[in-house]
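Each chain, letter by letter, is given below.
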Amino acid sequence: MTWSEMQPLLEQACTETLIMVGWSTLIAVVGGLPLGILLVLTDRGGLLQNTLVNKVIGQIVNIGRSLPFIILMVALMDFTRWITGTTIGSEAAIVPLAIGGIPFFARLVETAVREVDHGLVEAVQAMGGNTWTIVRKVLVPEALPSLIASTTTTVIALIGYSAMAGTVGGGGLGDLAVRYGYQRFETGLMWITVAILAVVISLIQFAGDYAARALHSRGGRSGPSPRLRFLKAEEPAAADIGKVA
């Protein structure tokens, strides 16, 4: 197979992979972020402590993470057909990709949010902040560098899942590698798809690491955030007032 024959196939496969991973990542982040935060808030000692709710959410997340993706795709075929009207193609693959990505991202969010300094949470509570204020103004902003890293990890995982989806007609680079590289013995095309995936993953990892480091240097966990500096700045003033009194 010549390059002129490979090029349109590769362009179409890359577009399909981009669509699958893009939409599934968006859904995974939108669905996994609140789940991960709820796992922290409802845990023992959390702001919304509720053992029953925490265990239910935790079990759902654990079940979603324990299923191999290829089995998840097969198990969700009826649901996928109901949503998209088909079980093949890139649009159909978005459904299991998103459902598989939500619990994966939720656990990463849970880990990131647990690392936030609890002293800052207590300071906002002392100033009258409610749970929503703490989540919006403290937990998410302070955990943002780790959340960016978690999103990067999720995107890379979904790229791998999308390649597996290609083995059962999901489209994308995985489907191209199987249909042409394996079934038609076009070894050159298969290695080109492998190289494309390797380059894309490396670029995504580099971009994610760069963004996380940039957020850290602007006031993430490696240095005090503007809110933390403000709180610390008030302490000497209070001490001085005490001395004057």
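Residues numbered from 1 in each chain as written. Predicted model: local features only at pLDDT ≥ 70, side-chain atom pairs only at ≥ 80, totals over all residues. Heavy atoms only, no water.

Draft legend 1. A look at the overall build of the chain. Within the chain, the regular secondary structure consists of 10 helices and 0 strands. Along the chain, helices and strands appear, N-terminal first, in the series α-α-α-α-α-α-α-α-α-α. Residues counted as buried form 36% of the 245 residues belonging to the chain. Considering only intrachain contacts with a sequence separation of at least 6, the fraction spanning at least 24 residues in the chain is 72%. (Helix = DSSP H or I, 4+ residues; strand = E, 2+ residues; numbered from the N terminus. Buried < 20%, exposed > 50% of the residue type's maximum accessible area, 1.4 Å probe, protein only. Contact = heavy atoms within 4.5 Å.)

Draft legend 2. Representation of the packing of aromatic side chains within the structure. In total, this model carries 3 aromatic pairs according to the counting rule given. Here Phe206 and Tyr210 contribute two aromatic rings whose centre-to-centre distance is 6.5 Å and whose plane-to-plane angle is 25°, an arrangement assigned as stacked. With Phe206 and Tyr210 both in helix α9 (residues 187–217) and 4 residues apart, this pair spans about one turn of that helix. Residue Phe206 shares its accessibility class with Tyr210, and that shared class is exposed. (Phe/Tyr/Trp six-rings, centres within 6.5 Å; stacked < 30°, edge-to-face > 60°.)

Draft legend 3. Layout of the confidence of the model for the chain. Of all residues in the chain, 89% attain a pLDDT of 70 or more, and the chain-wide mean is 83. Per-element confidence in the chain ranges from a low mean pLDDT of 41 for helix α10 (residues 226–244) to a high of 92 for helix α5 (residues 90–114). Per-residue pLDDT stays below 50 along residues 220–245; that stretch engages in 22 contacts with residues further than four places along the chain or on separate chains. (pLDDT = per-residue confidence, 0-100.)

Draft legend 4. Representation of the nonpolar core in the model. Formed by 17 residues in total, the largest nonpolar core has its most connected members in Ile37, Val109, Val113, Ile134, Val138, Leu139 and Ala143. When contributions to this core are tallied by element, the ones reaching two or more residues are α1 (3–41), α5, α6 (118–126) and α7 (131–165). Ranked by residue count, the leading element in this core is α7, at 6 residues. Sequence-distant contacts of Ile37, that is, excluding residues within four places in its chain, are made with Val109, Val113, Val135 and Val140. Core analysis: the second largest hydrophobic core is formed by 13 residues, Met73, Ala93, Leu97 and Ile159 among them. (Core = buried A, V, L, I, M, F, W, Y, C linked by side-chain atoms within 4.5 Å.)

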